[in-house]
Every structure is written in structure tokens, then in C-alpha cells.
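Geometric and topological summary
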Amino acid sequence: MNETSPHAQISPTPRPDGEREKLLEIWATPKGWRLPTAVNNTVIGLLYLGAAFVFFVLAGILALVMRTQLAVPDNDLVSQDLYNQLFTVHGTTMMFLFAVPAVEALGVLLLPQMLAARDLPFPRLSAFAVWAYIVGGTVFFSTIFYDLAPRGGWFMYPPMTLTEYSPGDAADFWLLGIGFIEISAIAGAIEIIVGVLRTRPPGMSLDKLPIFGWAMLIFAGMIVVAFPAVILATMLLEIERAFGWPFFSPDGGGDPLLWQHLFWFFGHPEVYIIFLPAAGLVSMIVPTIARAPLVGHNLIVVALIATGFFSFGLWVHHMFTTGIPSLSLAFFSAASMAVAVPSGIQIFSWIATLASRTKKLRLTTPALFVLGMLFIFTLGGLTGVMVAMVPFNWQAHDTYFIVAHLHYVLIGGMVFPLFATFYYWAPMVSSRLLSDTLGKWTFWLMFIGLNVAFLPMHLAGLLGMPRRIWTYPDTLPWDGYNLVSTIGAYMIAAGVLVFIIDLIRNFRIGESSNPNPWDAGTLEFLPQDVYSTRSIPKVDSLYPLWDRPELAEEVEAGAHYLPDAPTGGRETIVTSPISATPQYVVQMPGPGWMHFFAAVFTAACFLLLTVKVVTPAIICGVLAVVCCLVWVWTIDKGPDAGPVEIGGGLRLPVYVTGPMAHGWWAMIVLMLVAGSLYLAYVFSYLYLWTSSPEGWELGAAMLPDAGSPMLSAGLFALAVALYVLARWALPEPGGNNLVTPALVILGACALTGGVVNEVWSHWQAGLRPTDSSYGAMVYMAGVLTAQLVAVIVIMSLFVCVRQMAGKIDQVRCAGLENTSLLVYYTFAQALVGLLIVHGIPHVAAS
Amino acid sequence: MNCGRARMAGILILAALAAGCASEQSAFSGEGVESARTLMLTWILFAGGALILALVCGLTALALFGGSARRTLSSERLVVVGGIVFPAVVLTVLLFYGYALLGAGAATGAAADSPLRITVEGNRWWWRVTYHTPDGDFDTANELRIPVGEPVALELTSADVIHSFWVPAYAGKIDMIPGRTNTLTLEASRPGLRRGQCAEYCGGPHAFMSFYVEALDAEAFTDWLASERGDAVVGDHPGADAFRRAGCGACHAVRGTDASGRVGPDLTHVGSRHSLGAGLLANEKGDFRAWIERHQELKPENLMPEMATLDEADIDSLASYLAALK
Amino acid sequence: MSQSDANDRFVRRTAVSLAPILLWAAHFGLVYGGAHVACATADGAIGEPLADMAVWSVTGLVVLVLVGIGLRARSLLSAGASSGDTNSNDFLVHVVHALTLLSLLGVIWAGAAVNFMPTCATR
Amino acid sequence: MQVRFRLTPLRLLGGVVLLFALTIIGALLVAWSGVYSIAASRGHPGWLNDFLELGMRRSVQTNSALSPPDHLDLDDPSLVQLGAAHFRAGCAPCHAAPGEPINPIFEGMLPTPPRLEDYVDTWEDEDLHWIVYHGLQYAGMPAWSGADREDEVWAVVAFLRRLPELDREGFRALAGRTDLAPSSPETFVKEGRNAAGLTACARCHDDAERDIASSLAPRLSGQSAAYLKLTLEDYRANRRQSGIMEPVAAELTDDQIDQLADYFAGLSPRPPLKGDASDASEMGRDIAENGIPDRGVGACMSCHGGMAEETYPVLAGQSQTYLQNQLRLFRDGVRAETPQAELMSAVAARLEDSEIDAVSAYFAATTPVVRNTPTADTGGEL
């Protein structure tokens, strides 16, 4: 035991016998047919990553089919209709089923290890998200085999995707399938935000947070803002398809461009959502290659934050050719330039770090992939600046130039770092390293293949070859370029194949005998087992393993925080969000079936709705809710143990409520999601107003009297008061009363009444959602509030039952507290809604 | 078509690669006022981009393999200079150049006061072209003819889904969106025949939605305009009867006959066009035959119904009639 | 220890740290939204000079505020902070400075566009 | 030594599985041995009858879900009339017409086709529709012979609803408009008589004397012989679907088809059933004359005005109901098998309900032009 550091020993060693065995038992992974019940982040993360990789391979095969079709002119290997399905499914799968899930999976897999937390704060939530994604994704992808796949492109522009031009269920598969996968991405994002901010090891203040933690934090924050926009868009389009509310068709005052605005408000940040975590990974690997700290660490953090924000100012750069006034285009051109700067910061930081190395350079496979990424991403970034130039964009847009650009950016920015990750972090989950020889084969095949495949596309595009054409005549000079591209595509495929062979030969799930083969400096290379690290270290630098070489040994000996399981169950330390001061010990749920069934039923509900089998869909929906309720019934354990000792003389409570609680934080993030969704709605409302003001002028005459919105507002306010009172009226621990349930039920009724009154008053006034985009927007406000109210009603009933079961009281009140938070939010949203719906038409009419 | 355009071949290696056979549908040909402006920008971007890529590669190589020289790169100064100062300067210059180009484009757009207005309406999957002349409007399809050296205001719209109008040789693309009218000012610098294609995926046979733009000398253009405005010029062709009996007039118009349908392309002078089926086939009698007999096979999902009711003789006389509609 | 101290005054310190880039976002939203509304609703040319002026003044104002935040970052971040976590504070000050610089670029680039082209003209 | 048996869940499950297996084996043994006689003459034991009846009823009720479309009124006389005509030809042989006995041959079936007067009231509309359209297994009840023509079946349902209140004369009046002259004893002796009178066109269509009996049937007068011939051939060859016309056409020879076509082509077109063109909406006229260019609908008159191919029918003067129905069939892809129908369904697919209504009303109110000079007086002699 090394005693040089003042706080080397936090817990006394040697540890009592049987402590490690107890930890192993508590955190044991379910085996065999119980595997779906597993919630450990390593298991779930690996499953998540594996599923994403399978989708990558599948979508890649579709790409090969397309490349083969395009290899020669006038080819008819695949039919026009199949080709249209192929590129739709290829794009959708790569974006929604591979890229986002893969980076989210890396977050689930790597973050807790980097933070030396035992697990993510909501293990079952991530397990739910993963299963929902696997079931939903598989069904969506399989549509390609049944000729049921959507044909609208991954961007699904209306009017082409309205029922008039896309009859049948294919487009609905996209809308419901993808809307549902987005929801699972959001669940993951909530998990990651709370995980990064609240489950860092003691002492890891924000300035010591590894770059990947930053990247994931910003990634998740971007999901919270961006995904709701596309969720709203898919809702609107599905409602228009199913019920004919005219949001997008110009006949009823809708605007096809509204879809593009919403879609790209999500779609452009999406690229950075994919890129940031990958860049974070590179920033973790580069210092290890150089055996030197990252040069300009703080600037990289700033670069990540700035990218996160600037990327929201780019969406119109996918719409430069839609005829928007030049000045507006110029703003987006400016933001597109601005986002190039942070990328530059990162690239030069990596170069500087490589230059500052102290030891001999070893070009291992991860290093090669990182260097390959540096080249490819720089090239893709430069063509990105080119397409940000509006006049150039007018030529390049929707041509193979863009196909080349986006594949450089996404493959360079995401796939290469991902492969570097596979090789670099393999020892964390595999008992063997992957082969460096095969790895180099993989790299060179992919690197050369990528350039062979995509470099010629730049020229083909400017020579006039548009995207998404299934064949081309031999009179145009595109054949040579396309043949070369196809050869390149097969080289990439060969590279991936070599990697798969490497996986089969060498990948063995299990603990590695050498946890830190690269001599890396961060916590995920501490010795690991199912419980993560044996004890949770106190951190006081960015590269603790470099600065204190004895740390691994200490941690493994249990000399740091939480070497045991004081509450007897799964737990980890919650720390404060900035300076990482330990706050409490959170008890976490273990394996269970309910999140799995909930995921399966949720997926089934969405997919059955897609094929319009309504009754079974509703049954599945109800079952999904029931499973969720059963699942959360046992989670809020209350203060069943007093404050516990975690080492270093620290005694922490095991239960808190209010702003310190991690559940409270998750609820706040969920409200941010709801807020983003509503903001997207407000934008849509104002946008359609400016695009077809006639509807609004007519609408003013059909508004109900002012008394009606006042009544609704009053009911909402009453609900807030009732929920506040309900919190007040809670019994002392062990007690039981009927006042709280009564107040809560009344509150839920008041909310329901408020929504019903608002919708009914418009109906009474003669307004119909199918009349015009105005009517559709008015009712949409009701829909958005009603869905929140529905959730509140379910949560309220749940709270009542728990209260009557004696599981909610003055101290143990997280359930009611979270419901109340949602009530307050709903009140605010509903008020804004009333103000807009009843105010704007008057402005429009005057 | 027209492979001898080696004008740019000398400019850059890249150009040689791209323009070795400057196609009829290439952004490298720059034969319009706007496309020439953009082509200049393109070369600047390519050159600048290549330089920066070389710089980054060079620095990386230095960082990896440069002995002690690499030490100069190892400080945060490199990050600040390379990552902030350098892009700030370069991008400011580039951005303002882009603004200037945008401003110039907006100025031409506003100034275009041509007596000739042309409406192009995207249809699944062909182009309805309407000339608005002082002597009245007339329709044609899948083809534009414009006078050289004169700005022509195009009004672009769509009848169904979103399409995009793109003739790279003359100008960048602009979308055709239902419910909106976008304008594009086109000015060709010299005579020539150039191909254009729908650039926004519009479902089904999106790949087969092309068209031709022919820039004509002023005189040739006036002549063409006069003849194109006129009625069909085949007299008592036997195919005319087949055309009537098969009900073609329900969808197609042939001015000067009682066929006045507006569903499909106007066929008044179809025989004189450069292509058939929106850039799909050449325009010989055999192509007409092929189209009538096999159009669903040649251009799957196109909206013309299968004409299986026609017999061999009808098809033959129809084809020769249509080819004769000059 | 109050709840907000326990949470490291998270909301306040985050808000200050992100203020520069939030200002960029606000500026961006204002100029884009303003230009859109001006062009979608203005009947005649009256809207255009007004919109130009608005873009100019908003840009000027935001630049001033940004410079102010950049200069006073440390005091804004430490005001009322009881935490002795100086490492975090130094770090956050660094973040504010760098973000201010980037946001300034973004704001000036966007604002400058008005000089080069008419407000509502398309190509 | 006493062995006490304890019932555990596992043993219970095992027992159930065993019982199940034994039942199946037993059933197989009975079938294989052939001891059970399936003679129709034996009839079913009462309990089996009840069991089969229950199964049949529940099966029909569970599977039937199609309620009459909004545009149909089951009390519509045209619907009843058409149903009656088909009933006489297609159903009465087994089920007997009102006031007539069931033919003893069919009475010997097991189950015996029920008399329907009392029986129909025990079923809902959608059940009757389901039975007539899908038929019943092991009961001799055939499925509808016009694939996908679920629309036609509503006519039979409409008639069945009227059936209980009909007597012999009432039914004959409804179904037997063509009172065929009684055959001479001589012909009767040699050739017998087709009791069903299956091929009597005039039960539904118009002839020289009378107009159509049901507005769901087309007027044949004024169509070209080429069109009529093509149509009958299409029905006969099962290229065009109809549970009513296919059985009729199946009995025709080439010669008969030619003669029929010439006969109807020779009849002078009749004036509109109601109103004239000025009553029809502007929308209908516009669609007929100009189409709906924005949505890819050509002008109807280009093909159906009497100037185009002879194989294209003339629409003027047809009943609105008939035209609406056919346009819906085209639009929904039910009628798309022949080249002509394929052409038409591509166009009709782009029509909305209101447009179908308007353009049908327009043609129904338009006086037909004489497309061909009526051929010499072959009419009336078959």
C-alpha cells in the first residue's frame, strides 16, 4: 500500500472477508433466459452497441446493393421502386437506428466506467430504451423485405408523403417507427444528463470531467432540444395522413416548408449529435496515443459547447434552394461558418497533443483510425464550408457532391472514431484484445475504400448527377465515376468484414487480465467487474491514473469510497453538479421483467397502430402503461436505511427529495423536452400564420367568448393549488389519510376539465381541425396539452394508490413531487397556449 | 454530346479531370451569367480547400514524424492560432465574398424586367412550360428555348410534390414547391443545347425527369417563338384519327385540333422537341412507338395509363402522326 | 446549507457560463425571425429599411452586452458563490471568455449580411 | 404400504396433456376406422345439429363486419329489384321462391337449404352479406362468383330483407319481368325449360319495349355492338367480375353473343331518366368536358362522347347510380382486369367522392347521341 499521497486511503484496508463476494452477488448479471431482465450498464450498453452495429451492417448491405445498381449506366439490377425503398431505409437506418443509438450506447457503456459510478442513475430506463429500440428497429428495418418500406427518403418531405401521393402504410411505418425510436433516444438522453451531472466520483469537479463526459452531456442536451422538433413534425404529418388536418398541404393553408423547417431544425443538429460524442472519444484516445494531456482541454470544452449551440443555427442550409430571401440565407451561411471554428479548434488541439508526446509513437489500430478520421473529417469539413456558401450550394445541393460530403463527415466524424473505440475500449468488456494485424487490414481497407468510393462523387455531383436517382443514361459522363465509387464501396465492406472476423476470433465477453493495456490515464481503465470499480476513487486531476499510478491498486483493494454495499442493494454516490461534493447514496433497482415487457408492449402498440389494428394496439398500450406502473412501484424505496458510511468518515443519507434528488433532475429534463416540443409547436403556429394569414383572419370571428379561456385558465390554476395543498396534507411517515388522494384526484379533474372546456368551446364555435391550417393548429394546442394531462392523470392515480398503501408520506414523497412538477409545467404550457390561441387571431384580424 | 469543351482543362488538374468531357449537364461549363459567377467561386473554394487540407496534413505529419521540430506545435498557441484566428480570418473573407455574390444575385433577380416570362410547372414526372408573350400564352413541355444574352424570368411552381429545377450549365437549382412560386433569372451567354434534371427527389421515376434548355440567337429565337405559338401543322394525317379514337385528347392537347387535354404534356409541336418522355428517349418515330407501347416499362409509375387497347396499326399511325407534329 | 448551495448554485452559474452563446442564439432568432416576418407580411417597401435598422441595432446591442459579459465574467460567476471550489470557477471563467469570442464572431458575421443585399429579395 | 397421491401443478399439467393427446388419438381412430356413416340420408343427431348450427352462427357473426356503405339504402327499390332478379336465377333453385316448394333434389341435401322467409330475420344485414359473399363450408352454399364484387351482394341482402313479406305473385312481379310465353308442349317435351330463366336480359336491362328495371343496371340501348360483345366476352371469360352477369354470360355461345350485341346496338337510345343536362352541376359538366387537369383526370368526353373507339361505352343517359357504382369500382381497383378497365381505373383512382357524384349526375342527365346508324332490323329476333 502506497502512503505517499495525503488522501491515499479513504476507507480502511484490508477490507472484511466476503465483501467482494457480496458485491458480486448484488451486481450479478442474470444468465440464460433471464438475460432480458439485466440492467447493468455494461450488459445493456454492449447489447445496445451490438444492435446498432448490426443495423450498421444491414444498412451497409443496402448501400452495396445500391452501389451495384449504379455501377453501370441503364442498369436494372433492382427496380426503381425497390431502389427508392433502399435509399430511404439506408438513410433512415444509418441515422436513426445506427448513428444515434451507437453513440448513445457508448454513453451507456463507457460513461459510468469513466465516472467510476456503479451504474447509470436509472438503469431500468436505459434497459427499457434499448429493448424498445431493438424491437421497433427490427420491425422497421424488416419492412424492406415485404415491399412495405417507405419510399419518401429519410427526410420524408410532404406533400410527397401525404396520403395523396403515398397511399398505404409504408410512410406510417417511418413516422410511427421513427417517432418511437426518438422517444427511446430521449429516455437515454435524460439518463445521460443526470448521469454526467450527478454521478461523478467525489472530487471530479466540472473542470476535471473527461472530454467524453462533456461530449455526452452536450449530446444529450442537444437531443433534448432537437428531437422534440422532429417528434412534433412526425405527429403533425401522421395526424394529417390519418385525419386530414392540413398542416403541410397548401390546399388547406398548410405549408410543405413547415416540415422542412421542423425536420432540419432536428436534422442538422443531428449531424453534430452524432459527431460530438465521436469527437469526445477521439479527445480521449489522442492523449493516450501521445501519453500526454490534451493540449487546450478547456478550449475543447468550449468548442463542444459552441458546436452544440451553433449547430442549431444551420438548419436552413438544407433549404438554400427553397426560395427563401437571400438575407435569411445569409444568416444561416454565417452560422454555418461559425460552426467550422470549433471543429478547427478540436483538430488543431489533437495535432498539438500529438506533437507534445513524450514517448515513441506507436501506430496502433486505434491510432490509425484516429489519424484517418483527422484526414477524412477535415476534408468533409472543408466541403462543408463549401456548401455553406449559398451560391455554390445552389449547384451542389441534392447532388452527389452532397452525398460525398455527408459521407465524409459522418464516416470520418463518427464511424472511424467508433472503430477506434472498438479497438481502444475492447479490454473494458472483452477478456482479449482485438487483433492489431486484422485491425490494420480493417483500417486500410476502409480508409482507402472510403476515398475511392466518395472522392469521385464530388465530381460526379458537379457534373450534374442528382441524388436519389436509381439509374442514369450512358449519354452522360457519369459511368466511370460511378464504377470507381462502387469498387470503393466494396472495399469498405471488405474492411468491415475483416473487422467482423476479428470480432468472432478474438472478442470474448469478460474481464480482462490487463485492464489498462494502452497505459491510459482515465478511470475506465481501472480494474473492473460487474459492480464497476471495487471502490469509487476520489479524483483530483484530469488523468488520475497518470498522476497517481498507485490508484488502480488502491481502488481494487477497496481503499476508496463505497468499498462495500451499505444498504445491501445496488447503489452509487450522487454528487453535486459542479464541484462533485458527495450528497447522498442512491439506491438503484436491479434486474426485472417489467421494463422489458413495457418496451415490447410499447413497440407493439406503435407498430400495430401503424398497420391500423386499433383494438390490439390499445390493449398493448394499456399493458405497456401497466408494466411501467408495476416497474416503478418498487423504485421509490424511501429512507429505509439511515445515513450510511461511505468511507473517509463521510455519512450520507440514502433518500432525499426536492432539488437535490436525481429524480427531480430527471423530471426537470423531461420538462425541458416537453418545453422544446411546445416551442416547436409555437414556432409552427407562427410560421403557418405568416404563411397563410387568411385562415387567421377568418379564425378571429370563430373564437369563443373570452369567458371560455378564462374558465380553462382558472381550472388549471385551481389544479396547481390543489396539488400544492396535496403535498401539504401528506401524513407523517407511517400515517395514512384520504385528503391527499382526494385533492390529487380533484386536481387531475380540474386539469382535464380545463382541456376539455378549451377544445369543446372551439368545437361549439363551429371550428373544425380539418377546415384550415388555422383550425388544425388550434386543436393541436389542445392535443399537446391533453397528452400531458393524460400522463398526469395516470401518475395521479398511481400516487393515490401508493398513498393509500402507505408508501407516500411527508418524507417519502418523490412520486407526488414529480407529479406536481409536471402539473406546474402543464399549467405554464396551457397558459401560453391559451394566450396564443385566443390572442393571435385578434392581432391577425386587426 | 459536345465533348470538345477543353476550355477549362488547363486551369487546374481537377478541372481537367472534371471537364475532360464537359457534359451537357455540368456545373463546370458555366455558360450562364449565374453559373459563371458560381464557377469562379467553385474554383476558389477548391483551391483554398486543397491548400488547407494540405496544411492540416502537413502539420499532422510534422506532429507525428517531425523530430524536435514538432515541439513548436505542441502548445495551446497552435490551437488558438490554427483553430480560432486562422479560420476567423479566412472565413470572414470567404463569407463576405459569398454575401457579395448573393447580393449580386438578388440584384439581377430584382432587375430582371424581361418582356419574356416563362412559367415552369413541375408535374410528376415532367415539366409544363408556359410562355407568356405579348401575343398571348402558349404551352409546351419538357423543353425551354431562351434567347442568348437576355435575362429570362422563370416562374417556378409545382402541381403536386416538390421538384427542383436545375440546369447546371446556366444556373444553380431552385425548388418548385406547391402553393408557392419561386423565381429564377436565367441568362445564357452563348447558344447551345444543355440538359437539366429534377434535383429534388419526387418519388417514382424521379431519375427520369429531365429536360433540355436551348439557348438561341435572337433571330432564331424569334422564329422559333412564332412557329411554336402556332397551331399544329399536320393536315390530314391518318394518325390524327387514331389519336382521336384512342381518346388521347382527354389528357393531351394538340392546338388546332379538338384535342385540348391539360393533364399530360402539350403535344402541339412534340415532333420538333429534343426528347420524349422528359429527357428519356430521343425523338424519332421509333421512340414514339416505344413510348406508346412500353412507357410503363421504360418509365415505371409514370401517370399515363397503359394503352393496351390500341392495336398494331393504330400504334404505328399514332407514332408517325406524333413524329410529324413539328 | 441551502438547497441551491448544495447544488453548487448550478442554475445561476450555468446561465452565466452560457450567457454569451445564449445571446448569440437570441440574436440569431431575432434577426432571422424579424427578417422572415418583415418579408412575409410587409406590403410595400416600408418594411425593408426598418428591418435593416432593426438588424443593425440588435447586432450593436448584442455586441456591447457580449463585451460586457466577457469583461465581467469573473465577478458575475463568483458573486454570492459560497463554494470554495476555485478550480471550477477558473474553469468557468475561461469558458465564458472563449464562448464570448466565438459568439462575437457569430453575431458580427450574421449582422454584417444586411450590408450586402436587400432584405427580402430572392435570387 | 399406502401410497398417497399428491396433486402438484406439474402433475396436473401432465394429466391435462395426456388427456388432450388421448382425445386426439381417439378422434383419429374414429375417422380412420370409418365406422361413422356420413350418409346425407341419415341426418345429424339433434345435438350435433345444434352444435354445428351454433358454430356456424357464431362464425358468421364473428367474421362479418362490413356494414352497408353510406351511399346505399337497403330500402332502395332498385337494389331490391336487382337482388330479386338474381335471387330468382341464382338462389331460388335451392332455397325456393316464395310460395313455391323446394325442389326435392335440393331438399335431399344435408343440411337442407332452409326456406328463407323465416330464416333471414334471425340475421343482421352484415351477416347476410357475409354468408352470400363468402358462402358456407360443408353446406353447399357457394361463394359469390364475382371476385371482390362485395358491392353487388348488398342487392341480394336488400331483397332478402323484403323476402318475408312477399307472396308468389309479389315475388314474380318483382323478379320476373319477362313473362316468357309458355313453351309449346312440343318444345317442352324435347328440350324442357330452363326453370331459372337464367339468361333473361330484360329482367334487369332495357329492351325494345321497356327501360331498365333497376338503376343499378346499365342501359344497353345505344351502345356499340363492339362494346357489348367485348363486355359479354369479358364476363364469360371471367375477365370482368360480376356475380350477377358472369353466370348469365357463361351460358352464352359466340353466336348468341353476336346476336345479342347486334340486337341491343340496334335499339334507339332512350332519353335521360330524369332531368336534363341543364340540371347537372357545373362541376360535373366541367369534369366531363375538361377533366381535372391538376390531378391527372382527363376529359371523359374524349373517350365516352361517342366519337372515340367503338369499344368505349357511351355514358350519356346511364343512370347516376350505375355510373357512380362503376366509377367507385374503377377507383378502388375492383374493376381493372381488362385493358380498357386498366386505363379507366388509372383515371378513376384520382377522383374524389364528390367528383364521382357530380360527373355521374351530369352524364345521367345528358341525352345520348346516336353513335352508329342502327343496323338493319335484326332487333327483337333471337
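Relevant structure appears above.
It is worth spelling out the state of the cysteines at this point. Two cysteines joined by a covalent bond between their sulfur atoms form a disulfide. Under the counting rule described, the total for this entry stands at one disulfide over all chains. Between Cys39(C) and Cys120(C) runs a disulfide, and the two sulfur atoms are separated by 2.0 Å. Its torsion about the S-S bond being -85 degrees, the disulfide of Cys39(C) and Cys120(C) is classed as left-handed. Highlighted residues: Cys39(C) in helix H2 (residues 10-41) and Cys120(C) in the segment after helix H5 (86-112), separated in sequence by 81 residues. Looking at Cys627(A), it has no disulfide partner, and the nearest cysteine sulfur is the one in Cys628(A), 7.0 Å off. A residue is classified by how much of its surface remains accessible, and Cys627(A), at 7% relative accessible area, is buried. Counting only cysteine sulfurs, Cys91(D) is the nearest neighbor of Cys94(D), a cysteine outside any disulfide, at a range of 8.9 Å.

Residue and element names in this part refer to chain B. What the five strands build is an open sheet, ordered E3-E2-E1-E5-E8; its pairing is mixed. This sheet does not close on itself; its edge strands, each paired only once, are strand E3 (136-141) and strand E8 (182-186). This sheet shows a mean twist of 25 degrees between the axes of neighbouring strands, independent of strand direction. Where strand E1 (residues 117-123) meets strand E2 (residues 126-133), seven bridges bridge the pair, whose relative direction is antiparallel. Residue Thr119 lies in a different strand from E2, and its bridge partner there is Thr130. Sitting on the sheet, helix H4 (residues 218-229) is in contact with E2 and E3, with an inclination near 105 degrees to E2.

We now examine the pairing of E1(B). All names here are of chain B. With six of its seven residues buried, E1 lies for the most part within the structure. Relative to strand E5 (residues 152-158), E1 runs parallel, the two being bridged by six bridges. Its bridge partner being in E5, Ile118 is matched across the sheet by Leu154.

In this section: a negative patch on the surface. A cluster of acidic side chains, namely Asp74(A), Asp76(A), Asp474(A) and Asp479(A), defines a negative patch on the protein surface. Tracing the backbone through its elements, the reader meets Asp479(A) in helix H15 (residues 479-506).

By a frequent convention, interface size equals the accessible area lost on bringing the separate parts together. Of the residues lining the interface, 48 residues belong to chain A; the matching set on chain C comes to 41 residues. Both sides of the chain A and chain C interface together cover about 3,800 Å² of buried area, and 78% of this is carbon and sulfur. On the chain A side of the interface with chain C, the three residues burying the most area are Leu327(A), Phe331(A) and Ile578(A), jointly 19% of the side's total. In this structure, the connection of chain A to chain C is made through zero salt bridges. Listing elements by their share of the side of chain A that touches chain C, those giving two or more residues are helix H5 (170-198), helix H8 (297-310), helix H9 (326-338), helix H10 (340-355) and helix H20 (662-691) of chain A. Among the elements that line the side of chain A that touches chain C, the one with the most residues is H9(A), at 10 residues.

Conventions adopted
- Residues numbered from 1 in each chain as written.
- Chains lettered and ligands numbered in written order.
- Predicted model: local features only at pLDDT ≥ 70, side-chain atom pairs only at ≥ 80, totals over all residues.
- Heavy atoms only, no water.
- Disulfide = S-S within 2.5 Å.
- Helix = DSSP H or I, 4+ residues; strand = E, 2+ residues; numbered from the N terminus.
- Buried < 20%, exposed > 50% of the residue type's maximum accessible area, 1.4 Å probe, protein only.
- Pairing = 2+ DSSP bridges.
- Axes fitted to C-alpha atoms, helices over the stretch in contact; angles between N-to-C directions.
- Contact = heavy atoms within 4.5 Å.
- Patch = residues over 30% accessible without salt bridge, like charges linked within 9 Å, V, L, I, M, F, W, Y side chains within 5 Å.
- Areas by Shrake-Rupley, 256 points an atom, 1.4 Å probe, with all protein chains shown as cover.
- Salt bridge = Lys/Arg side-chain N within 4 Å of Asp/Glu carboxyl O.
- Lys, Arg positive; Asp, Glu negative; His and termini not counted.
- Charge placed at Lys NZ, Arg CZ, Asp CG, Glu CD.
- Buried area = accessible area lost by both parts, 1.4 Å probe.

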